[in-house]
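As a plain string of letters, each chain reads:
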Amino acid sequence: MTGSRVVSPSEGNETKRDGNQGFGVFHSTEEAGELHPAGPGGGKGTPVYSTMEGNVTETPSSENTSTKLHRIATLAREIRDERLSTLSYHIDVAFLTEAFRRTRKDGAVGVDGQTAQEYEQDLESNLRDLLNRAKSGTYRAPPVRRVEIPKGNGATRPIGIPTFEDKVLQRAVSMILEAIYEQSFEDFSYGFRPQRSAHQALESVSRQVAHMYGGWVVEVDIRNFFDNLDHRHLREVLNKRVGDGVIQRLVGKWLNAGVMTNQELVYPNKGTPQGGVISPILANIYLDEVVDKWWSLTVVPRLAGRGIMVRYADDMIMLFEHRRDARRMMRVLPKRFGSYGLELHPEKTRMVRFEPADKRGNYPDDDPPGPTGTFDFLGFTLYWRRTHRGKWRVNKKTAKDRLRRTLKRFNLWMKRNRHLPVRTQHAYLARALTGHYAYYGVTGNGKALASVHHHISRMWRNWLSRRNRCGLMPWKDFLRILRHYPLPPPRIVHSAYRRANL
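These figures come from a predicted structure and were not determined experimentally.

(A) Region of interest: the sheet that holds strand S7 (residues 315–320). Within the open sheet, the four strands sit side by side as S6-S7-S3-S8. Their pairing is antiparallel. The open sheet has two free edges, formed respectively by strand S6 (307–312) and strand S8 (350–354), since each of these has just one partner strand. On average, adjacent strands in this sheet sit at an angle of 20 degrees to one another, irrespective of strand direction. Alignment of strand S3 (residues 215–221) against S8, held across five bridges, turns out to be antiparallel. By the bridge assignment, glutamate 219 is partnered in S8 with arginine 350. Helix H12 (residues 323–338) contacts S3, S7 and S8 of the sheet and is inclined by roughly 15 degrees relative to S3.

Dropping the structure here:
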């Protein structure tokens, strides 16, 4: 791979997209004078995954998969402005075997009904056939089976389920793309990335907001992001770094794959299935171009004060020291996202003052700031609270809509399964409660956890009472059941004090 620079058609249009959208004029990165992240790792540290190239003395099949990924990542880190070709050269049977190992085996089946266990019965033969079809261009992406998942507010979220073989191939390609793009993704991006989690994103928000001592928060909500992702723009963005024809062709086939809904096959002209293995990395690549690089190279240098951003997939929070910066961002955001085929939710995208009650800013007399508020991020509501020492700190509690959704889901399950033995019901409730504590069990959220435990106990008592016609079960009888089948008590899993002592 020589890595000669190839200019994609989109590069000539960057100025048109970025210009005249507020903050004076947001120039393109080319106009800004070839601005790039500092250092050999772009400020990102050592590579997470890696890559190819160099003097290869062994056949590709003899190389360890992690070695291949390391070489890809190393090359991507060293050559930042050029397209990488011959990426598919590293995908062989051993690489697909590793992709198979990393693919979930207990997921729902696709349109062909094939399970992971059935595919594994003749694994090597299946993977060789898959490899030949993928590299020869004869592979046809099967339709994605779509199911609707309730969101808790009456709406549903469409989830796409590929076939298992398609999941394996998507996993292999996503491993290649991840090795390339992990070297240039911004540090404030946390969603669907190795060694990063939602709790790290929340901790970053809390820490930086506290360090800035509050400011003006802009909550950004993209309306139906995965359904509205623009195929043309995504191909343009991908083409800037990926010059391998096999990889480009496979991604194009997945973007154009049909969607099977209630025995009806449709071919959407935009979007990528939420739930597909390849979708998270494609979403990160797209949003890295749309908002992350734009924020770092164009927005931050033009702010009047400090500004921070944290993004987890399509959920993002921006905090500004000065209100005028937040207002300008509110004017610019719809134009910026609109130029890439995306639309912001008009009600959920909002600006809120987020400062301790005793903080006083310099505001004009005819433009009072209004009361300080709260904001939601990744299922939590963040708010200011005084410690026992009288200092202000940023606390997190379960968001009200998530709390309602959780209780509604538990209640529906108990209603539908009240006929099952008490032992079986308890096993499910214990697992579900433990999973709830594992995510929402953060410092300062004990009251919400106790509320969930209390309400689920009462619901269980009510539905167990429906098993006979003797009215509501007395508490003494229910407490006897709880002694034999106790529900897990609330537990703080993510302790801020424990991290502070490390």
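(B) View of the environment of valine 218. With respect to the helices and strands, the residue valine 218 is situated in strand S3. Separated by 131 residues in the primary sequence, valine 218 and threonine 349 have C-alpha atoms spaced 7.2 Å apart. When near neighbours in sequence (up to four residues on either side) are disregarded, valine 218 contacts Met316, Ile317, Met318, Phe320, Ala326, Met330, Leu333, Arg350 and Met351.

(C) Looking closely at unusual backbone geometry. A positive phi angle, close to 65 degrees, is found at glutamine 195, a residue other than glycine. Residue placement: glutamine 195 occurs in the loop between helix H6 (164–181) and helix H7 (198–212).

(D) Region of interest: H6. Between its terminal C-alpha atoms H6 stretches 25 Å, which fits the 26 Å expected from 18 residues at 1.5 Å a residue. For H6, the tally of buried residues reaches 17 of 18 residues, placing the bulk of the element in the interior.

(E) Structural context of the pairing of S6. When you tally the buried positions in S6, you get five out of six residues, the bulk of the element. Bridging between S6 and S7 involves six bridges; their strand directions are antiparallel. Its bridge partner being in S7, arginine 311 is matched across the sheet by methionine 316. Taken together, S6 and the strand that follows it, S7, pair antiparallel across an intervening segment of two residues, in which alanine 313 is found at a positive phi of about 55 degrees.

(F) Focus on the sheet that holds strand S11 (residues 392–398). Read across the open sheet, the three strands follow the order S9-S10-S11; overall the sheet is antiparallel. Each edge of the open sheet is held by one strand with a lone partner, namely strand S9 (375–377) and S11. Pairs of neighbouring strands in the sheet enclose a mean axial angle of 40 degrees, with direction left out of account. As defined by bridge partners, S9 adjoins strand S10 (residues 380–386) across three bridges and the pair is classed as antiparallel. Within S10, the position partnered with phenylalanine 375 by the bridge is leucine 382.

(G) Layout of the pattern of salt bridges. Summed over all chains, the structure comprises 21 salt bridges. Residues glutamate 165 and arginine 133 are paired through a salt bridge, measuring 2.8 Å at the closest nitrogen-oxygen approach. One end of the pair, glutamate 165, is in helix H6; the other, arginine 133, is in helix H5 (residues 123–136), with 32 residues separating them in the sequence. Ionic pairing is found between glutamate 186 and lysine 293, a salt bridge with its closest N-O pair at 3.5 Å. In this pair, glutamate 186 is assigned in the loop between H6 and H7 and lysine 293 in helix H11 (residues 279–299), connecting sequence segments 107 residues apart. A single burial state applies to glutamate 186 and to lysine 293, both of which are buried.

Analysis parameters
- Residues numbered from 1 in each chain as written.
- Predicted model: local features only at pLDDT ≥ 70, side-chain atom pairs only at ≥ 80, totals over all residues.
- Heavy atoms only, no water.
- Pairing = 2+ DSSP bridges.
- Helix = DSSP H or I, 4+ residues; strand = E, 2+ residues; numbered from the N terminus.
- Axes fitted to C-alpha atoms, helices over the stretch in contact; angles between N-to-C directions.
- Contact = heavy atoms within 4.5 Å.
- Expected span 1.5 Å × (residues − 1).
- Buried < 20%, exposed > 50% of the residue type's maximum accessible area, 1.4 Å probe, protein only.
- Salt bridge = Lys/Arg side-chain N within 4 Å of Asp/Glu carboxyl O.

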